[in-house]
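Overview (structure and organization)
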Amino acid sequence: MPAFDEETFGLVAALTRVPDIDSAVRAANASQFGLSGNLWTRDVGLARKVARDLYTGGVFINGVTASDPRVPVGGVKNSGYGRELSHFGAHAFVNAQTVWIENA
C-alpha cells in the first residue's frame, strides 16, 4: 500500500492490522518518515508509554497533529531535522558569538 510508505498530508489514514502493540510500534518505526504520529485510546497511561517508543518528531494522543508556538514542531528521518517554534526553533535563527579575552 503506497500510503503506508509515503508521507501523506490531509485526511488520509493507512490502516494495517498487527497482532499487538509492540508490532504496531515496530511497523510505525519502520517508516522512512517521522513527522508525527497519533494514538487514539481510552488508556492514556499506556499511550504515554507507547509514545516514548515511537521515533517521530511529535506524538499526539487523542487528537490530531497540530502546532502551537509554545512547543517545538519538527520531524525526524526523512521528515526533516531541527525544530520550528518555541525557544528550540528560535535558536535556529540566532548566530552565537564567542568573545575570548586571554589573561584579562
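Basis of the calculations
- Along each chain, residue indices are assigned from 1 in the same order as the chain's sequence is written.
- Selection of residues for local features in this predicted model requires a pLDDT of at least 70, selection of side-chain atom pairs for listing and counting requires 80 or more, and totals for whole chains, interfaces and linings are taken over all residues.
- By convention in this description, side-chain values take in all heavy atoms of the structure and omit both hydrogens and water.
- Numbering goes from the N terminus for both helices and strands, where a helix is a DSSP run of H or I of at least four residues and a strand is a run of E of at least two.
- Any residue under 20% of the maximum accessible area for its type is buried, any over 50% is exposed, and the rest in between are partly exposed; the area is computed with a 1.4 Å probe on protein chains only.
- Only protein atoms enter the 1 Å grid used here, on which a cavity is any set of points holding a 1.4 Å probe that cannot leave and a pocket is any open set flanked by protein within 12 Å on both sides along at least five of seven lines; residues with an atom within 4 Å of a point are listed as lining.
- Grid points are joined across faces, edges and corners, and a volume is the space filled by probe spheres set on the points.
- In this description, a nonpolar core means a group of buried Ala, Val, Leu, Ile, Met, Phe, Trp, Tyr and Cys residues linked to one another through side-chain atoms lying within 4.5 Å.
- Contacts are assigned to residue pairs with any non-hydrogen atoms lying within 4.5 Å of each other.
- The directions from the helix axis to the C-beta atoms form the arc being described.
- Pairing between two strands requires that DSSP report at least two bridges joining them.
- A right-handed crossover is one whose linking path, passing over the helix from the first strand to the second, runs clockwise when the strands point away from the viewer.
- As a rule, the C-alpha atoms of each element are fitted with a line to give its axis, helices using only the stretch in contact, and angles between N-to-C directions run from 0 to 180 degrees.
- Here a crossing is called left-handed whenever its near helix is offset anticlockwise from the far helix by less than a right angle, and right-handed whenever the offset is clockwise.
- The classification used treats Ala, Val, Leu, Ile, Met, Phe, Trp, Tyr, Cys and Pro as nonpolar, Asp, Glu, Lys and Arg as charged, and all other residues, Gly among them, as polar.

**Quick word on the environment of Ser 86**
Looking at the secondary structure, you find Ser 86 in helix H4 (residues 86-90). Exposure remark for Ser 86: the relative accessible area of 15% places this residue in the buried category. For the pair Ser 86 and Pro 2, spaced 84 residues apart in the sequence, the C-alpha separation amounts to 34 Å.

**As for the layout of surface pockets**
Looking at the largest pocket, its volume works out to about 1600 Å³. Forming the walls of the largest pocket are 38 residues, and the residues nearest its centre are Ala 14, Ala 28, Ser 36, Gly 37 and Asn 38. At the level of elements, helix H1 (2-5), helix H2 (21-29), strand S1 (33-34), strand S2 (36-39) and helix H3 (44-53) are the ones that each hand at least two residues to the lining of the largest pocket. Here the element with the most residues in the lining of the largest pocket is H2; it accounts for five residues.

**Examining the nonpolar core**
General note: in soluble globular proteins, nonpolar side chains tend to be found buried as a group. By size, the foremost hydrophobic cluster in this structure holds six residues: Val 25, Leu 39, Ala 47, Val 50, Ala 51 and Leu 54. If we skip the residues at most four places from it in the chain, Ala 51 touches Leu 39 and Val 59.

**Overview of H3**
Every buried residue belonging to H3 is among Ala 47, Val 50 and Ala 51, and all of these are buried. An end-on view of H3 places all buried positions within 105 degrees of arc, on one side of the element. Pointing more than 90 degrees away from the buried face of H3 are the exposed residues Arg 48, Lys 49 and Arg 52. Contacts made by the buried residues of H3 are with H2, S2 and strand S3 (58-61).

**Looking at the pairing of S3**
Sheet topology note: the S2/S3 ladder contains four bridges and is parallel. Bridge pairing in S3 links Ser 36 to Gly 58. Handedness of the β-α-β unit built from S2, H3 and S3 comes out right-handed.

**So, the packing of H2 against H3**
Any two packed helices are characterised by how steeply their axes cross, that is the angle between the axes, and by the distance between the axes. Interaxial distance between H2 and H3 falls to 10 Å at its minimum, and their mutual angle equals 40 degrees. Between H2 and H3 the crossing geometry is right-handed. Between H2 and H3, the residues in contact are Ile 21, Val 25 and Asn 29 and Leu 46, Val 50 and Asp 53, respectively. Taken together, the residues that form the contact of H2 with H3 break down as four nonpolar, one polar and one charged.

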